[in-house]
Amino acid sequence: MKIYLITLFSIFSFYVSAQIITNEVPQTNTPKEEPEEKVKKERNKSKSGVEMFFGVSPAYTYRTLEINEGLFAQPIGERENEEGLWTVGYHLGVRTPLSNRIKLEIGAGYYANKEKNDVQSTDSILGYENTYQHISFPLRLVYSFGNEIKFYGGVGIIPKAFLSMSREETTLDINNKETTQKYRERDNYNLFLLDGVVTIGAQFQLNDNYGIYASLEGRRQFTNNYNNQSPYIRKPYALGFNFGIEIYL
């Protein structure tokens, strides 16, 4: 009798153990997300994707100069010998994402372009330097790719408001001594101008909130600096750099 009881108890114990094992939820080998990656994802979700930026824009500037054919035309003369000069501009703005890779960039800044001439003549004027100053409002589409380091390219237009033409002129006085005179002009200039712009550069993300950027930029003015009554058609261009700081919102 004891043998039957022991055998029956053993079978019952084996059956209960098997049921417990089969009812357990099987464990999967899904990898656990690293804490650092989880924190990064949570931070990225809290960012809007909007980037604020501000920086400087050194550039070599020059121009094309043509005769404005018609009643007011004059020979270019000594202005054929003018040379281009480097200038420094300043800019700020925001980039707003339109999709994963495309952003709309809107900004404002100060741009200038220059020309100079060391006059080789018997005139009392020995040389001059002209600086054309503008407030600019760049508007461009930017395509970018990458993560901590992003590469981007952009094309757009730059409406500009003309401020003044500043002229620095070196002359000989009656005592045959060199003197420098400075003055500004606004008459006979177009007050609204338009540039085309192309940019290629890179962004370097330093942390979740800040970064830096650097780019090459080419600009070409489509409209004439002078009004229709001027003897010339002047259209400047620039080739330079942009670099500055970004803030991620």
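Structure shown above.
Residues numbered from 1 in each chain as written. Predicted model: local features only at pLDDT ≥ 70, side-chain atom pairs only at ≥ 80, totals over all residues. Heavy atoms only, no water.

### Considerations on the pairing of strand 3 (residues 102-118)
- Two strands pair when backbone bridges link them, and strand 2 (residues 83-97) and strand 3 are joined in this way by 10 bridges, in the antiparallel orientation. Looking across to strand 3, one finds that Thr96 is bridged to Leu104.
- Joining the antiparallel neighbours strand 2 and strand 3 is a turn of four residues.
- Pairing geometry for strand 3 and strand 5 (residues 139-146), over five bridges, is antiparallel. Each residue of the ladder has a partner; that of Ile102, found in strand 5, is Tyr143.
- With 10 bridges joining them, strand 3 and strand 4 (residues 125-136) adopt antiparallel strand pairing. (Pairing = 2+ DSSP bridges. Helix = DSSP H or I, 4+ residues; strand = E, 2+ residues; numbered from the N terminus.)

### Focus: the packing of aromatic side chains
- Within this structure, the stated rule accounts for eight aromatic pairs.
- With 6.3 Å between their ring centres and 85 degrees between their planes, Tyr62 and Tyr237 make a pair best called edge-to-face. Here Tyr62 is found in strand 1 (residues 51-67), whereas its partner Tyr237 is found in strand 10 (residues 232-248), with 175 residues between them in sequence.
- Look at Tyr62 and you get buried, because its relative accessible area is 16%.
- Residue Tyr237 is classed as partly exposed on the basis of its relative accessible area of 33%.
- On the numbers, 6.5 Å between centres and 50 degrees between planes, the contact of Tyr143 with Phe145 is tilted.
- What links up through ring pairs into an aromatic cluster is the set Tyr132, Phe162, Tyr189 and Tyr226. (Phe/Tyr/Trp six-rings, centres within 6.5 Å; stacked < 30°, edge-to-face > 60°. Buried < 20%, exposed > 50% of the residue type's maximum accessible area, 1.4 Å probe, protein only.)

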